[in-house]
Amino acid sequence: MLSYKAPVADIKFLIEDVFNYYDHYKKHEEFEEATPDLVDAILQECAKFCENELLPLYQSGDKEGCRFDNGKVITPKGFKEAYQQYVDGGWSALSHPLEHGGQGLPPSLGLVQSEMTGTANWSWAMYPGLSHGAMNTIDAHGNDKQKELYLTRLIQGTWTGTMCLTEPQCGTDLGQVKTKAEPNGDGTYNITGTKIFISAGEHDLTDNIIHIVLARLPDAPKGTRGISLFIVPKMKTSQDGTLGDSNNVTCGSIEDKMGIKASATAVLNFDNAVGELIGPENKGLECMFTFMNTARLGTALQGVCAAELAFQNSLIYAKERLSMRSLTGKKYPEQVADPIIVHPDVRKMLMTQKVISEGGRAMIYYTAKIVDDISMAKSDKEREAADDRLGFITPILKAFLTELGSESANHGLQIFGGHGYIKEWGMEQIVRDVRISTLYEGTTGIQALDLLGRKILLTRGKSLNDFSKEVLGFCKDKSLISSNPHKRQMNRFIWPLSKSIANWQQYSVRLALKAKSDRDVVGSASVDFLMYSGYVVMGYFWAQMAQSAYEKLAEDVENRDFYRAKIKTAEFYFERMFPRTKSLAKTMMADPKSLMQLDQELMSFV
Ligand SMILES: Cc1cc2nc3c(=O)[nH]c(=O)nc-3n(C[C@H](O)[C@H](O)[C@H](O)COP(=O)(O)OP(=O)(O)OC[C@H]3O[C@@H](n4cnc5c(N)ncnc54)[C@H](O)[C@@H]3O)c2cc1C
């Protein structure tokens, strides 16, 4: 029942007009093959695969779910065949290094591809998605032998990867990890412990699964400083890739959960499974951050994917469903009633979905350029500078876009009325599926603490200042000092944006001062601060999209309606979404006292 058409025009608008990917690719000679012709061909082929092969499995996969049978997991009908098509099409290798069998194209193109696969079928996309994180981790921290054995096969797609952090007693607080790693004296380690909630932890898509596992060496320091990282294959493997017996990693069960039912979420028991250390001893969490950053950006994308799928289907429905008449008089007198799209409340929900998916996509595509810069940095200094930029924006993207993705999915269900609540239409599935995105890869609360505590207060606001400078540079450059007429029209976006940037910095300073006398200020303000940050960042990209649209309209271009629509959508964003910053500003500055003063014993009298 659900439909999906890859939004190629929107994607190309960002790649070509707003973010100028082709000039950016020219900066990195390794990416010179990423020409407009090649990228267009990739977009078309990927769209076909997603629309024709993955989307049809989205609702059937949810209905059927994964089956657990005596330690084995059987994915829903069609998943295995679609995965094989994905591998045969070379999609798993697209943005990974040439020297390990990849196609060497930029990571930013990999994200575009992930957007399409993820929108068509998020549960299916989790299997290759986790592999990308494993590839990036081995590429960044593995030795040559590990790359030759594991990375090449992950890139080919013949094996998949996982990320094994969570244990029954801890998900957020990884300092409590108990899984043990005993050295065998031959450079390998015996890994013993239980990991839970492991996505793609067991399945039937490939013969081997490469687990990236956090564990503790004997006598390691307590807490996060005593955690190391290991590669643990499901099957014993020789260096030429031949598979041997089971490596004592068994799947105890899979979770029966609210959504993403076609994605296997496994309990994995490691019982003296043989693993190899990756990266330095006791630096596992730092190395795992490579994986977690990939995964966080991937999860931010989940918000956009859900928003897009919900929007596309809501729009079709709102044009077809007839109910009552427009308040301003009949719009379709020949029909028994007008379609619900004429009603302002329905329009508000649709426009909200539209600004979320298009604005969210812009946030991701901007960040994807930073990921490219990191992957091609020529010096530590360049890499660190790009890392800082990525570190600042990642928690904003992860938490803000997943919260808004959930909002959009809920609007979709609402637009369908009672039918939205019925499985057949698919809208309730999007609500269920996207709900996990605010939880895994660090909950919204944890991302917010990371942003305000670590990325802003601990660095005395350096990253925030750098980003603010960039936005203010755009504001000055494009509008305020210009006499060009279309640039003057930009002022209705530029003024509120510049003001919110000044306030953003001011709030962070005031919170830092308040936190000196009460540490709870940080935890009490952080989620509101993060959401405020999200609306400002999205505002920056809506202003940029409007600017690009004005520039295109000043040329003799076809498809003028596309650019006019962008400007009108930016107007909606600044009038109807951006003012949310005002209420967030008020609540973030509220005293923590009203949160904390009520004794926990007095919270309920039942
Ligand atoms: C479907 C699914 C797939 C998953 N996939 C993977 C995977 O592939 N690999 C993997 O390792 N894990 C995976 N996870 C685990 C997931 O990452 C964790 O569930 C998540 O990090 C939260 O940890 P927790 O469940 O232990 O919650 P807890 O850490 O117990 O947190 C409970 C609540 O307390 C809050 N909280 C905790 N500490 C603080 C604090 N200091 N300050 C403020 N608030 C706090 C949290 O925000 C949350 O609201 C998956 C989970 C699910 C459900």
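Nothing here was measured: the structure is a model prediction, and the numbers come from that model.

**Observations concerning the pattern of salt bridges**
Here is step 1 of the chain: For the coordinates displayed, the defined rule picks out 27 salt bridges.
Here is step 2 of the chain: Residue Lys-378 pairs with Glu-30 through a salt bridge whose shortest N-O separation is 3.4 Å. Separated by 348 residues along the polypeptide, Lys-378 in the loop between helix 10 (344-375) and helix 11 (380-415) and Glu-30 in the loop between helix 2 (21-27) and helix 3 (36-54) bring together distant segments of the chain.
Here is step 3 of the chain: A relative accessible area of 56% means that Lys-378 is categorised as exposed.
Here is step 4 of the chain: Judged by relative accessible area, which is 37%, Glu-30 ranks as partly exposed.
Here is step 5 of the chain: Here the residues in one salt-bridge network are Asp-10, Lys-354, Glu-358 and Lys-566, joined through shared partners.

**Looking at the side chain of Glu-202**
Here is step 1 of the chain: Here Glu-202 is to be found in the loop between strand 5 (188-199) and strand 6 (208-215).
Here is step 2 of the chain: Within the structure, Glu-202 has its side chain in polar contact with the side chain of Lys-234 (distance 3.0 Å).
Here is step 3 of the chain: Ignoring any residue separated from it by four or fewer positions in sequence, one finds Glu-202 in contact with Gly-71, Lys-72, Val-73, Ile-209, Lys-234, Cys-251, Ala-264 and Ala-266.

**Some points on helix 8 (residues 144-156)**
Here is step 1 of the chain: Compared with the 18 Å implied by 1.5 Å per residue over 13 residues, the 17 Å span of helix 8 between its first and last C-alpha is a close match.
Here is step 2 of the chain: At Tyr-150, helix 8 is bent by approximately 30°, the largest bend along its length.
Here is step 3 of the chain: The set of residues buried in helix 8 consists of Gln-146, Lys-147, Leu-149, Tyr-150, Leu-151, Thr-152, Arg-153, Leu-154 and Ile-155.
Here is step 4 of the chain: At its buried positions, helix 8 is contacted by helix 7 (122-141), strand 3 (159-164), strand 6, strand 7 (228-233), strand 8 (235-237) and strand 11 (265-277).
Here is step 5 of the chain: One side-chain oxygen at the N-terminal end of helix 8 lies 3.2 Å from the backbone nitrogen of Lys-145; it belongs to Asn-143.
Here is step 6 of the chain: Looking one or two residues past helix 8, Gly-157 carries a phi angle of roughly 90°, positive in sign.

**So, the side chain of Arg-216**
Here is step 1 of the chain: By the element assignment, Arg-216 lies in the loop between strand 6 and strand 7.
Here is step 2 of the chain: It turns out Arg-216 is buried and unbridged, and the closest side chain with the opposite charge, Glu-167, is 7.5 Å from it.

**Observations regarding the UniProt feature "domain: Acyl-CoA dehydrogenase/oxidase N-terminal" (unreviewed entry) in the protein**
Here is step 1 of the chain: The UniProt feature table records "domain: Acyl-CoA dehydrogenase/oxidase N-terminal" (unreviewed entry) at residues 41-157.
Here is step 2 of the chain: With 68% helix and 5% strand, residues 41-157 has its two end C-alpha atoms placed 21 Å apart.

**Some details on helix 7**
Here is step 1 of the chain: When the terminal C-alpha atoms of helix 7 are compared, their 28 Å separation across 20 residues agrees well with the 28 Å that a helix rising 1.5 Å per residue should span.
Here is step 2 of the chain: Along helix 7, the sharpest change in direction is near 25° and occurs at Pro-128.
Here is step 3 of the chain: Burial of helix 7 is extensive: 15 of the 20 residues sit out of reach of the surface.

**So, the environment of Gly-110**
Here is step 1 of the chain: Mapped onto the elements of the fold, Gly-110 is located in helix 6 (residues 107-120).
Here is step 2 of the chain: Residue classification places Gly-110 among the buried positions, given a relative accessible area of 9%.
Here is step 3 of the chain: For the pair Gly-110 and Ser-379, spaced 269 residues apart in the sequence, the C-alpha separation amounts to 23 Å.
Here is step 4 of the chain: When neighbours within four sequence positions are excluded, Gly-110 is seen to be in contact with Leu-94 and Ser-95.

**Observations concerning the state of the cysteines**
Here is step 1 of the chain: All chains considered together, the criterion is met by zero disulfides.
Here is step 2 of the chain: Left without a disulfide partner, Cys-164 is nearest to the cysteine sulfur of Cys-251, which lies 11 Å away.
Here is step 3 of the chain: According to the relative accessible area criterion, Cys-164 is buried, its value standing at 0%.

**Comments concerning the pairing of strand 5**
Here is step 1 of the chain: Judged by how many residues are buried, strand 5 sits mostly within the fold: nine of 12 residues are covered.
Here is step 2 of the chain: Inspection of the sheet shows strand 4 (residues 180-183) paired to strand 5 by four bridges, in the antiparallel sense. Bridge pairing links Glu-182 to Asn-190 in strand 5.
Here is step 3 of the chain: Pairing of strand 5 with strand 11, which is carried by 10 bridges, proceeds in the antiparallel orientation. Bridged to Thr-192 within strand 11 is Asp-271.

What counts, and where the lines are drawn
- Residues numbered from 1 in each chain as written.
- Predicted model: local features only at pLDDT ≥ 70, side-chain atom pairs only at ≥ 80, totals over all residues.
- Heavy atoms only, no water.
- Salt bridge = Lys/Arg side-chain N within 4 Å of Asp/Glu carboxyl O.
- Helix = DSSP H or I, 4+ residues; strand = E, 2+ residues; numbered from the N terminus.
- Buried < 20%, exposed > 50% of the residue type's maximum accessible area, 1.4 Å probe, protein only.
- Polar contact = N/O pair within 3.5 Å; in protein donor to acceptor, adjacent residues only side chain to side chain.
- Contact = heavy atoms within 4.5 Å.
- Expected span 1.5 Å × (residues − 1).
- Bend = angle between axes of the 7 residues up to and from the residue.
- Lys, Arg positive; Asp, Glu negative; His and termini not counted.
- UniProt positions renumbered as here; feature names shortened; annotations may be inferred.
- Disulfide = S-S within 2.5 Å.
- Pairing = 2+ DSSP bridges.

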